[in-house]
Amino acid sequence: MPAAEEAAPLDFIRTIVNQDVQQGINDGRVHTRFPPEPNGYLHIGHSKAITLDFGIAAEYGGLCNLRFDDTNPTKEEVEYVDSIQEDIRWLGFDWDDRLYYASSYFGRLYECAEQLIQLGKAFVCDLSPDEMREYRGTLTEPGHNSPWRERSIAENLDLFRRMKAGEFPEGNRVLRAKIDMASPNMVMRDPVIYRILYTPHHRTGTEWCIYPMYDFAHCLSDALEGITHSFCTLEFENNRPLYDWFLEALSVPHRPQQIEFARLNLTHVVMSKRLLRRLVEDGTVSGWDDPRMPTLAGMRRLGYTPESIRDFNARIGVAKANSMVDFSLLEYCVRTDLNKIAPRVMGVLRPLKVIIDNYPEDQVEELQAINNPEDPSAGTRAVPFSRELYIEQDDFRIDPPPKYFRLAPGREVRLRYAYFITCNSYETDPATGEVTVLHCTYDPATRGGDSPDGRKVKATLHWVSERHAIGAEVRLFDRLFSVADPTADASQSLSEQLNPSSLEVVQAQVEPSLGDAPVGAHYQLERQGYFTVDRDSRPGQLVLNRTVALRDTWAKIEQKG
RNA sequence: UGAGGGAUCGUCCAAUGGUAGGACACCUGACUCUGGAUCAGGCGAUCGGGGUUCGAAUCCCUGUCCCUCAGCCA
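Residue positions within a chain follow its written sequence, with the count starting from 1. Both sets of labels track the order of writing: A upward for chains, 1 upward for ligands. At least 70 in pLDDT is required for a residue's local features to be given in this predicted model, at least 80 for side-chain atom pairs to be given and counted, and no such filter applies to totals for whole chains, interfaces and linings, which use all residues. Excluding hydrogens and water, the side-chain values take into account all heavy atoms of the structure.

Draft legend 1. Layout of the pattern of salt bridges. Here, a salt bridge means any side-chain nitrogen of Lys or Arg that lies within 4 Å of a carboxyl oxygen of Asp or Glu. If you walk through the whole model with that rule in mind, you get 47 salt bridges. Arg 151 is paired through a salt bridge with Glu 155; the nearest N and O atoms lie 3.6 Å apart. For each residue, the accessible area found with a 1.4 Å probe, counting protein chains only, is set against the maximum for its type, and the residue is called buried under 20%, exposed over 50%, and partly exposed in between. Residue Arg 151 is classed as buried on the basis of its relative accessible area, which comes to 10%. Overall, the relative accessible area of 34% leaves Glu 155 in the partly exposed class. Between Glu 504 and Arg 350 there is a salt bridge whose closest N-O contact spans 3.0 Å. Of the two residues, Glu 504 is situated in strand β22 (residues 503–510) and Arg 350 in the loop between β11 (347–348) and β12 (351–356); the sequence distance between them amounts to 154 residues. Accessibility expressed as a relative area gives 38% for Glu 504, which makes it partly exposed. A single network of salt bridges, built from pairs that share partners, joins Asp 289, Arg 301, Glu 473, Arg 475, Asp 534, Arg 535 and Asp 536. For helices the rule is a DSSP run of H or I covering at least 4 residues; for strands it is a run of E covering at least 2, with both sets numbered from the N terminus onward.

This is the structure:
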């Protein structure tokens, strides 16, 4: 167990697991589970639970099951069970043959319910939902016993069997645990454990018309699977006594331990499935995998790597205090990973034409460029250079401000891996005043980018050769929301807080080596950022998504004025 | 104001009676054929008030603030 050997401090959960293992609890066995409800796509918040559940199991030589918590057919769909598995695998975790469904325990769960009735610990209640709410009491007042609470065991059994047989309409009756209507913990006030639902289930079809509630199904599923440590988020803290109550009441031989941790909150996104679904349904984004979505599918399409997300989770830690992690930590994690692995290429996002007046008309040179300065084994490639080029519009100013090092009339800069060039003149569009063409001269002695006389330039620009470049649609993504917490201010709607420039599309010119780039490949466009090939790409129709921009010192200087 | 939780740099996480530390962010500087990366440095916190102790983020008392729970959702 590598994590335990290091001096690095353990989080509170690992401290508990570590102790349990050392004390030989559960024979020193560690068995966890990741229990998603298949009612939406997995998001970055789930990745915290996934890395915790699968990660701890791996660290202690244990196992982690994947179990779909599919006890509510009205909200769950197969589309989600497929995407969830794909996303977990993509993240780098594996459950071998331990793919389970709460729904495959429906038979045994039903038996447990009958057993509870036999024990006098459950009863069929005829109260309507509204009545039940009234009987439940409030946070400060105790509830009242249901008038149906003292039915005989035989009657309860008969009624429950008839519920199962489909003799009653939906909402007509429920099975409730008989606990304590005066409990200060609302969860313990005779909670519902089975309800009638005639919606077909995505796995069991119409076999059942009664479905167990979460509290009943979850603890028993954990017990059935021999789970030792059952991690969940803070909002289930109040439910822990009920989790334990069911296991105690049914005298199950194996007692899993529920431990709660704080869920992940991230700035500049929304994380609830409800709000994410709304963004999808109202067309704010193109789908669950829109690159601006914090879903794993969206982040994958944006160009995030599994490594970067695992690293992120390792860095945020695990604790019980509610918190909100800064989005910039996520960005740091992708940049760090992509910096190591992404090949460098040159691409001009907003092309400005440059004519090298003293360069021979028809000459083409193949210049050697380094693929990844962080990884010598990535090798080099040839980039074609010719008389007519594109550089970035941002890299030229007629009147350069202070600290602006790039090209301007009379100024000399380096074209990366190519030549030093000096700008002599420029042409403008008479209508708009916009600069249309730059006329430059190059110094043949600086071929490759080095000056034999030791002359220095303050800037190195990326460029592409006009006649060799290929066009590409580049999607410049940014954070979906302009505020840190879009849910903080109830007077502001979600749409009012969207970042108006979360997506900007430009027609770029990129170097020809990108011609056969496969979907999902990661690149760094030098001086711009990290990009990935979108699945919308077609032969001859490259589409790149900007995963994250490079840190931009000049942008900061400029912003400060 | 019932019950259950929680409060440490701007943010996230450590320190479990013994020098409050790390990461991100931010600011300097060095270096640089990416204003990237890297390197060096800096800024910056124990919710308030009492108490115990040689010594308190940690233990005790007290106050404050925040989160969760009144679904036949999970």
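That shown, we press on.
Draft legend 2. Spatial organisation of the environment of Trp 95. Looking at the secondary structure, you find Trp 95 in the loop between α4 (78–91) and β3 (99–101). Trp 95 sits in the buried class, given a relative accessible area of 1%. As for Trp 95 and Leu 66, which are separated by 29 residues in sequence, their C-alpha atoms are 6.1 Å apart. Whether two residues are in contact is decided by their heavy atoms: any pair within 4.5 Å suffices. Residues contacting Trp 95, with those up to four places away along its chain left out, are Phe 54, Cys 64, Leu 66, Gln 85, Ile 88 and Arg 89.

Draft legend 3. Broad picture of the state of the cysteines. By definition, disulfides here are pairs of cysteine sulfur atoms that lie within 2.5 Å. In the structure shown here, the tally under the stated rule is zero disulfides. With no disulfide of its own, Cys 64 has Cys 232 as its nearest cysteine by sulfur position, at a separation of 14 Å. Summary of cysteine pairing: Cys 232 is not part of a disulfide, and the nearest cysteine sulfur, belonging to Cys 219, is at 12 Å.

Draft legend 4. Representation of the protein's contact with RNA strand B within the structure. When at least one non-hydrogen atom of a residue lies within 4 Å of a molecule or strand, that residue is treated as near it. Near RNA strand B there are 68 residues, and of these Arg 344, Arg 414, Gly 448, Gln 524 and Thr 553 occur at the shortest range. A share of 66% is what sugar and phosphate atoms reach among the atoms of RNA strand B within 4 Å of the protein. Within the backbone of Gly 171, a nitrogen or oxygen atom sits 2.9 Å from a base nitrogen of RNA strand B. Measuring from a sugar or linking oxygen of RNA strand B, one finds a side-chain N or O atom of Glu 237 at 3.1 Å. Of all the secondary structure elements, the ones that give two or more residues to the surface near RNA strand B are α6 (129–136), β6 (192–196), α12 (306–316), α13 (327–341) and α14 (553–560). Under the grouping applied here, Gly and all other residues not named as nonpolar or charged are polar, the nonpolar ones being Ala, Val, Leu, Ile, Met, Phe, Trp, Tyr, Cys and Pro and the charged ones Asp, Glu, Lys and Arg. Residues of the surface near RNA strand B, tallied by class, amount to 27 nonpolar, 18 polar and 23 charged. Residues adjacent in sequence count toward polar contacts only when both atoms are side-chain atoms; beyond that, a polar contact is any pair of N or O atoms within 3.5 Å, and within protein one must be able to donate a hydrogen and the other to accept it.

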